Amino acid sequence: MNSIIIIGAGHGGVDVAFGLRERGYTGPITVLDKSSFVPYERPPMSKSWINGSGGPEELTLRGHEAFASANIDLMLECELLCIDRERKVVETSKGNLTYSTLVLALGSSPRQLRLSGSALAGMHHLHTLEQASALRDDLACATSVGVIGAGFIGLELASSAAKRGLPVTVMETAGRAMPRTASEFTSAYMRNRHEANGTTFRFNATVQEVIGPSGRVERIKLSDGSYVEADLVVQGVGAIANGSWISDFGLDFDNGILVDSTLRTKDTAIFAIGDCARFVDDEGGATRLESIGNAADHARRVSATIAGTPVPAPDVPWFWTQQAGVRLQMAGRIDRVEEWLLTGAVESNAFSVLGWRNGKLMYGESINSPSDHVTIRKLLAENTAPTLSVLRPIAEMGLKAAIKSLA
Ligand SMILES: Cc1cc2nc3c(=O)[nH]c(=O)nc-3n(C[C@H](O)[C@H](O)[C@H](O)COP(=O)(O)OP(=O)(O)OC[C@H]3O[C@@H](n4cnc5c(N)ncnc54)[C@H](O)[C@@H]3O)c2cc1C
């Protein structure tokens, strides 16, 4: 009997397991994870959950009952130690398991800055439920918060801390918020929103040292010689793919486990998906994405491949973030953008910014406009967007109205 082993019970791994059952696969499926928690959702940990009082159960993705009723074995506190590709056996901290197909859904880990003082009390990362719980407990007694990095997680956290009435300072090496993941236009808009909530930004500021003679962080020294006072500091400086050890077993790793456009490694019995996978994209480039949408898309395609059902086309990449009272949704590839166009009116606090290459739509970010986001995803998926020169003269009326007027 074909046996599927999935390493990692996060968003991607769990979706593969249940996706296999939904597609009629009846053979044995085992999902294992080194965590002791039942699979949980990460996005609320930097948003609603961090300011709430609910326990880990509020984050549950699928509970033990769901696994039992789908006849999927869930092995927690179980770590993958070794892969014997010839015998198709994985060695784990709880014994050996034989597979016919192995899916690596290992996720990513927060990048660590090598800072003097980074081991002081009050210093935090936010990636696992254990880290989120420790951060939430510590926020309850903090008096001022420093956030290193103005990326999504840093800004969401800054927003959550500001909501508690705490003074927050965000320190960022680049000159603007979300420097790699949002247009300059949206960065500036979001900066204003955060500042209106009381958050202070220190751009072009590299953190040099964390200081806490008492054993707990008290101040942060910046490269310009100035200091930021904070007794709780969160580092949100990006993530790196898990699974670099895969090269010990003859598979390729380079900023992610290397897979082809079908998410297979060079061993056809082994797939890698989600945050840990660097895959061949629609233009032949090697891409790694960190988002729920990406993990879900990979899981859908891999479960269809294994179950032998029609494999859907890759989804348009999408992402969302909630910060400073704004819902920001993105679709497409920002790294391909050469030119920007604002659609709608900023004063309405609901608009979209579209990114173009050679007059062709590549990407769009929507501020408080879920229906624009849906439109952008559809235009990108169906390749039906008007050209930039057609849309530009009517952009002011807003995306949906402009598209309607062209129909
Ligand atoms: C605080 C936070 C907020 C986020 N907010 C958003 C958001 O708003 N929108 C969005 O799209 N994305 C968001 N993300 C990103 C999103 O959660 C990830 O992209 C997604 O979880 C990736 O799914 P995955 O299955 O690849 O990895 P994960 O969900 O990280 O799961 C990987 C699992 O593998 C396990 N594992 C790793 N190595 C081993 C091993 N050797 N043996 C056994 N188990 C192992 C880990 O314990 C983990 O449970 C957020 C992430 C964080 C941390």
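These numbers were taken from a predicted model, which means no experiment stands behind them.

**Regarding unusual backbone geometry**
Turning to step 1, where the next piece is worked out: Its identity is not glycine, yet N71 carries a phi of approximately 55°, on the positive side.
Turning to step 2, where the next piece is worked out: By the element assignment, N71 lies in the loop between α3 (64-69) and β3 (73-75).
Turning to step 3, where the next piece is worked out: Of note in the backbone geometry, N255 takes a positive phi value of approximately 55° without being a glycine.
Turning to step 4, where the next piece is worked out: One can find N255 in the loop between β17 (239-241) and β18 (257-259).
Turning to step 5, where the next piece is worked out: Look at N255 and you get partly exposed, because its relative accessible area is 43%.

**Structural notes on the packing of aromatic side chains**
Two descriptors summarise a pair of aromatic rings, namely the distance from one centre to the other and the angle between the planes of the rings.
Turning to step 1, where the next piece is worked out: Tallying each qualifying case throughout the model produces nine aromatic pairs.
Turning to step 2, where the next piece is worked out: Ring centres of F201 and F203 lie 5.1 Å apart, and the angle between their planes is 5°; on these two criteria the pair is classed as stacked.
Turning to step 3, where the next piece is worked out: Here F201 falls in the buried class, since its relative accessible area comes to 8%.
Turning to step 4, where the next piece is worked out: Between W340 and Y363 the ring centres are 5.8 Å apart and the planes differ by 80°, which places this aromatic pair in the edge-to-face class. Of this pair, W340 sits in strand β24 (residues 339-343) while Y363 sits in strand β26 (residues 360-367), and the two are 23 residues apart along the sequence.
Turning to step 5, where the next piece is worked out: Put simply, the rings of F185, Y189 and F351 pair up and form one aromatic cluster.
Turning to step 6, where the next piece is worked out: Between the NZ or CZ atom of R62 and the centre of the ring of F18, over which it lies, the distance is 3.9 Å.
Turning to step 7, where the next piece is worked out: Seen from the ring of W49, R136 lies directly overhead, with NZ or CZ sitting 3.8 Å from the centre.

**Thoughts on the sheet that holds strand β6 (residues 95-98)**
Sheet strands pair by backbone hydrogen bonding; their relative direction is either parallel or antiparallel.
Turning to step 1, where the next piece is worked out: Strand order in the open sheet formed by three strands is β4-β5-β6, and the pairing between neighbours is antiparallel. A single partner strand is all that each edge strand has here, and the edge strands are β4 (80-84) and β6. Each neighbouring strand pair of the sheet contributes to a mean axis angle of 20°, computed without reference to strand direction.
Turning to step 2, where the next piece is worked out: Strand direction decides the pairing type here: β4 and strand β5 (residues 89-92), joined by four bridges, are antiparallel. Counterpart to C82 in the pairing with β5 is E91.

**Observations concerning the layout of surface pockets**
Turning to step 1, where the next piece is worked out: Reported here for the second largest pocket is a volume of approximately 650 Å³.
Turning to step 2, where the next piece is worked out: If you trace the second largest pocket, you find 29 residues lining it, with D282, D315, V316, P317 and R336 closest to the centre.
Turning to step 3, where the next piece is worked out: Broken down by secondary-structure element, the contributors of at least two residues to the lining of the second largest pocket are β20 (277-280), α7 (292-307), β26 and α8 (370-382).
Turning to step 4, where the next piece is worked out: Each residue belonging to the lining of the second largest pocket can be placed in one class, and the counts come to 13 nonpolar, six polar and 10 charged.
Turning to step 5, where the next piece is worked out: Lining the lining of the second largest pocket are residues from two domains, each supplying at least three of them: domain 1 (4-109 + 240-307) and domain 3 (325-406).

**A closer look at the environment of R87**
Turning to step 1, where the next piece is worked out: Structurally, the position occupied by R87 is in the loop between β4 and β5.
Turning to step 2, where the next piece is worked out: For R87, a relative accessible area of 55% corresponds to the exposed category.
Turning to step 3, where the next piece is worked out: Of the polar contacts made by the side chain of R87, one reaches the side chain of D84; its length is 2.9 Å.

**Looking at the pattern of salt bridges**
Turning to step 1, where the next piece is worked out: Per the stated rule, a full pass over the model turns up 21 salt bridges.
Turning to step 2, where the next piece is worked out: A salt bridge links E156 to K47; the nearest nitrogen and oxygen atoms lie 3.1 Å apart. Taken together, the residues E156 in helix α5 (residues 152-163) and K47 in the loop between β2 (29-32) and α2 (48-51) connect sequence positions 109 residues apart.
Turning to step 3, where the next piece is worked out: Of the charged contacts, one joins D315 and R300 as a salt bridge, the two residues approaching to 3.6 Å between their closest N and O atoms. Taken together, the residues span a long stretch of sequence, with D315 in the loop between α7 and β22 (318-323) and R300 in helix α7 at a distance of 15 residues.
Turning to step 4, where the next piece is worked out: Here D315 falls in the partly exposed class, since its relative accessible area comes to 30%.
Turning to step 5, where the next piece is worked out: Taking the relative accessible area as the measure of exposure, R300 reaches 33% and is therefore partly exposed.

**Observations concerning the domain arrangement of the protein chain**
Turning to step 1, where the next piece is worked out: You can read the domains of the protein chain as domain 1 (4-109 + 240-307), domain 2 (112-235) and domain 3 (325-406).
Turning to step 2, where the next piece is worked out: Once you take the C-alpha centre of each, domain 2 and domain 3 turn out to be 31 Å apart.
Turning to step 3, where the next piece is worked out: Taken together, the 11 residues of domain 2 in the interface contact 14 residues of domain 3.
Turning to step 4, where the next piece is worked out: Across the interface of domain 2 and domain 3, roughly 1,000 Å² is buried in total on both sides, 70% from carbon and sulfur atoms.
Turning to step 5, where the next piece is worked out: Viewed at the interface, domain 3 and domain 2 are joined by zero salt bridges.
Turning to step 6, where the next piece is worked out: On the surface where domain 2 and domain 3 come into contact, there are three residue pairs in polar contact (both at pLDDT 80 or more).
Turning to step 7, where the next piece is worked out: For the side of domain 2 that touches domain 3, the element with the most residues is helix α6 (residues 184-196), which contributes five residues.
Turning to step 8, where the next piece is worked out: Here the residues of the side of domain 2 that touches domain 3 sort into six nonpolar, three polar and two charged.

Calculation rules
Residues numbered from 1 in each chain as written. Predicted model: local features only at pLDDT ≥ 70, side-chain atom pairs only at ≥ 80, totals over all residues. Heavy atoms only, no water. Helix = DSSP H or I, 4+ residues; strand = E, 2+ residues; numbered from the N terminus. Buried < 20%, exposed > 50% of the residue type's maximum accessible area, 1.4 Å probe, protein only. Phe/Tyr/Trp six-rings, centres within 6.5 Å; stacked < 30°, edge-to-face > 60°. Lys NZ or Arg CZ within 6 Å of the ring centre and 35° of its normal. Pairing = 2+ DSSP bridges. Axes fitted to C-alpha atoms, helices over the stretch in contact; angles between N-to-C directions. 1 Å grid on protein atoms, 1.4 Å probe; cavity = no way out; pocket = protein on both sides within 12 Å on 5 of 7 lines; lining within 4 Å. Points joined across faces, edges and corners; volume = space filled by probe spheres on them. Nonpolar A, V, L, I, M, F, W, Y, C, P; charged D, E, K, R; others polar. Domains from an automatic or database assignment. Polar contact = N/O pair within 3.5 Å; in protein donor to acceptor, adjacent residues only side chain to side chain. Salt bridge = Lys/Arg side-chain N within 4 Å of Asp/Glu carboxyl O. Contact = heavy atoms within 4.5 Å. Buried area = accessible area lost by both parts, 1.4 Å probe.

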